[in-house]
Amino acid sequence: MTNRHLLTAAEFRKVGLSKPIYVRDRVGDGNYANAVCTGEKTLGETLGSYGAHFRGLATSKDTGNDDPTTAANSENQVAREVADDAGSRALAQNFAERLLLEEVPCQSEPATHWIYGPTHTIDVAADITASWMGVYDGDQNTKGTAPRGKEPCGGIAVLRNGSHYGVLEVHACLDTAAMTRIVRAAVTRL
């Protein structure tokens with residue numbers, strides 16, 4: 001696993017983001033900001049990963065806190081990816097399934113709370129697959145589920161490619177078509 005397996009800024013330009021995007025990488029503890037409704041965790045806590053590769057993509061050079069992959073101002077965060085090598089295809093599949101199951105509870109939240117939409121699956125090949133859920137703000141959640149017929153504004157994806165697996169959080173306001181392109185690009189690179 002190397003940084004070349006992570007998503008590039010060029011992929012976001014292909015879906016229409018015109019601002020400059022700064023890429024920041026690190027290797028570390030597996031911390032990824034999974035949905036607050038499931039409790040913050042790390043790939044390490046969940047899967048035993050402590051050598052994960054991180055990539056932050058932001059529209060500002062200013063970084064936040066102690067993590068250079070996060071933007072100082074969350075509105076400048078385009079995406080954040082964390083990925084690792086499970087050591088085998090079977091483990092990567094198991095880890096990806098577990099990561100996805102951790103996010104599913106966020107598809108049902110009280111009205112006015114942000115919410116994930118339905119799960120979309122992208123199968124590129126037998127061992128190259130991704131699942132993603134779009135995010136909807138609280139104004140769109142009027143019934144405790146994602147609104148039908150409305151476009152998401154970014155989302156979260158769980159990726160698996162061979163023995164590699166990871167999580168991609170897209171903070172940029174991308175619709176279904178753009179999210180599908182970004183997630184496909186990410187899982188193919190992985």
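Right above here is the structure, for reference.
Sequence order as written defines residue numbering, which begins from 1 separately in each chain. Two thresholds apply to this predicted model, a pLDDT of at least 70 for residue-level local features and 80 or more for giving and counting side-chain atom pairs, whereas whole-chain, interface and lining totals are computed over all residues. The basis for every side-chain value is the complete set of non-hydrogen atoms in the structure, without hydrogens or water.

Participant: Explain helix H4 (residues 176-189) to me, and be specific about the residues and the numbers.
Facilitator: For the α-helix, the turn length of 3.6 residues means that residues three or four positions removed from each other point alike. In this text, helices come from DSSP runs of H or I with a minimum length of four residues, and strands from runs of E with a minimum of two, each type numbered from the N-terminal end. To estimate the expected span of a helix, subtract one from its residue number and multiply by 1.5 Å. Counted at 1.5 Å a residue, the expected span for H4 with its 14 residues is 20 Å, and the 20 Å between its end C-alpha atoms agrees. Restricting attention to buried positions, one finds in H4 the residues Ala178, Met179, Ile182, Val183, Ala185, Ala186 and Val187. When checking whether two residues touch, look at their non-hydrogen atoms; a contact exists if any pair is within 4.5 Å. Its buried side turned inward, H4 meets helix H1 (9-14), strand E7 (77-85), strand E8 (115-125), strand E9 (128-136), strand E10 (155-161) and strand E11 (164-170). Whenever two N or O atoms come within 3.5 Å, that pair is a polar contact, provided that in protein one can donate a hydrogen and the other can accept it, and provided that, for residues adjacent in sequence, both atoms are side-chain atoms. Where H4 begins, the side chain of Asp175 points an oxygen toward the backbone nitrogen of Ala177, at a separation of 3.3 Å. The classification of residues rests on relative accessible area computed with a 1.4 Å probe and restricted to protein chains. Under 20% of the type maximum is buried, over 50% is exposed, and intermediate values are partly exposed.

Participant: Break down the state of the cysteines for me, with residues and values.
Facilitator: To count as a disulfide, a pair of cysteine sulfur atoms needs to be within 2.5 Å. Scanning all chains against the criterion turns up one disulfide. Sulfur-sulfur distance for the disulfide between Cys153 and Cys173 comes to 2.0 Å. One end of the pair, Cys153, is in the loop between E9 and E10; the other, Cys173, is in the loop between E11 and H4, with 20 residues separating them in the sequence.

Participant: Quick rundown of the pairing of E9? Include the residues and the values.
Facilitator: Within E9, seven of the nine residues are buried, which leaves the element mostly enclosed by the surrounding structure. Paired strands are those between which DSSP finds at least two bridges. Between E8 and the antiparallel strand that follows it, E9, lie two residues. Taken together, the seven bridges between E9 and E10 define a ladder with antiparallel strand orientation. Considered in E10, the bridge of Ile128 is made with Asn161.

Participant: Requested: an account of helix H3 (residues 89-103), with residues and values cited.
Facilitator: If you check H3, its first and last C-alpha atoms are 22 Å apart, about what 15 residues at 1.5 Å a residue would give, namely 21 Å. Within H3 the residues assigned to the buried category are Ala92, Phe95, Ala96, Leu99, Leu100, Glu102 and Glu103. Within H3, the buried residues cover an arc of 155° as seen down the axis, which keeps them to one side. Facing away from the buried side of H3 by more than 90 degrees, the exposed set consists of Ala90 and Leu101. Directions from the helix axis toward the C-beta atoms define the arc.

Participant: Provide a residue-level description of the packing of aromatic side chains, including the pertinent values.
Facilitator: Note on ring pairs: Phe, Tyr and Trp rings are taken, using the six-membered ring of Trp, and paired if centres are within 6.5 Å. Classes follow the plane angle, with under 30 degrees stacked, over 60 edge-to-face and the rest tilted. In total, this model carries two aromatic pairs according to the counting rule given. Relative to Tyr165, the ring of Phe95 has its centre 5.1 Å away and its plane inclined at 70°; by these criteria the two rings are edge-to-face. Of this pair, Phe95 sits in helix H3 while Tyr165 sits in strand E11; the two residues are 70 residues apart in sequence, bridging distant segments of the chain. On the accessibility criterion, Phe95 (9% relative accessible area) is buried. With 5.1 Å between their ring centres and 70° between their planes, Trp114 and Tyr116 make a pair best called edge-to-face. Take Trp114: its relative accessible area is 26%, and that puts it in the partly exposed class.

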